[in-house]
Amino acid sequence: MNTPPPSLSDPDPSAFVCLGSHVGPCAVCQRKTHKYGHGGSPLCTWCMTPALEGWGPTARFTSTRS
Ligand SMILES: [Zn+2]
């Protein structure tokens, strides 16, 4: 938990496991990410986590915590 995000110049890990055509800049930090992953959210993993916390339990996304 609480892993600090890497440099903004590093792509989100999700960008490596999706189709290249799905890779795009994060809507918040412009990091390359899987733009259409996680239910279509254009946020990278590092922006997604605080966003989920802000949205609360009504968010439909599956938690990535393990
Ligand atoms: Zn981001």
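Bear in mind that the values here come from a model prediction, so they are computed numbers and not experimental data.

Visitor: Help me get a handle on the overall build of the protein, residues and values and all.
Guide: Scanning the protein from terminus to terminus reveals 1 helix and 2 strands. Shown N-terminal to C-terminal, the secondary structure of the protein runs as helices and strands in the order β-β-α. A total accessible area of about 4600 Å² is found for the protein, and carbon and sulfur atoms account for 59% of it.

Visitor: An account of the coordination of the zinc ion is needed here, citing residue identities and associated values.
Guide: The zinc ion binds to the protein through C26 (SG), C29 (SG), C44 (SG) and C47 (SG); the donor distances cover 2.3 to 2.4 Å. Every donor counted, the 4 donor atoms about the zinc ion form angles of 105 to 115 degrees at the centre, which fits tetrahedral coordination. Coordination of the zinc ion draws on donor residues from a single chain, spaced C-x2-C-x14-C-x2-C in sequence. Here the residue C29 occupies a position in the loop between β1 (23–25) and β2 (32–34), and C47 occupies one in helix α1 (residues 45–55), the gap between them amounting to 18 residues. The pair C29 / C47 is uniform in exposure class, with both members buried.

Visitor: Summarise the confidence of the model for the protein; cite the residues concerned and give the values.
Guide: Looking at the protein as a whole, the pLDDT averages 75, with 68% of positions reaching at least 70. Taken element by element, the predicted model of the protein shows its lowest mean pLDDT in α1 (76) and its highest in β1 (88).

Visitor: Give me the lowdown on the nonpolar core, citing residues and values where you can.
Guide: In terms of nonpolar packing, the biggest core is built from 7 residues, these being C26, C29, L43, C44, C47, M48 and A51. When near neighbours in sequence (up to four residues on either side) are disregarded, C29 contacts L8, C44 and C47.

Visitor: Can you break down the environment of S7 residue by residue, with the values?
Guide: Mapped onto the elements, S7 comes out in the segment before β1. In this structure the C-alpha to C-alpha distance between S7 and R31, which are 24 residues apart in sequence, comes to 8.9 Å.

Visitor: Please give an account of unusual backbone geometry that cites residues and values.
Guide: Within the chain, Q30 stands out as a residue other than glycine whose phi angle is a positive 70 degrees. Along the chain, the position of Q30 falls in the loop between β1 and β2.

Visitor: Outline the side chain of R31, supporting the account with residue identities and numerical values.
Guide: Positionally, R31 belongs in the loop between β1 and β2. D12 is the oppositely charged side chain nearest to the buried, salt-bridge-free R31, at an N-O distance of 4.9 Å. Side-chain polar atoms of R31 contact the backbone oxygen of S7, separated by 2.8 Å. Setting aside its immediate chain neighbours within four residues, R31 contacts P5, P6, S7, L8, D10, P11, D12, G24, P25, C26, C44 and W46.

About the criteria used
Residues numbered from 1 in each chain as written. Predicted model: local features only at pLDDT ≥ 70, side-chain atom pairs only at ≥ 80, totals over all residues. Heavy atoms only, no water. Helix = DSSP H or I, 4+ residues; strand = E, 2+ residues; numbered from the N terminus. Areas by Shrake-Rupley, 256 points an atom, 1.4 Å probe, with all protein chains shown as cover. Donors = N, O, S within 2.8 Å, 3.2 Å for Na, K, Ca; no water. Tetrahedral: all angles 85-135°; square planar, octahedral: opposite > 155°, others 65-115°. Buried < 20%, exposed > 50% of the residue type's maximum accessible area, 1.4 Å probe, protein only. pLDDT = per-residue confidence, 0-100. Core = buried A, V, L, I, M, F, W, Y, C linked by side-chain atoms within 4.5 Å. Contact = heavy atoms within 4.5 Å. Lys, Arg positive; Asp, Glu negative; His and termini not counted. Salt bridge = Lys/Arg side-chain N within 4 Å of Asp/Glu carboxyl O. Polar contact = N/O pair within 3.5 Å; in protein donor to acceptor, adjacent residues only side chain to side chain.

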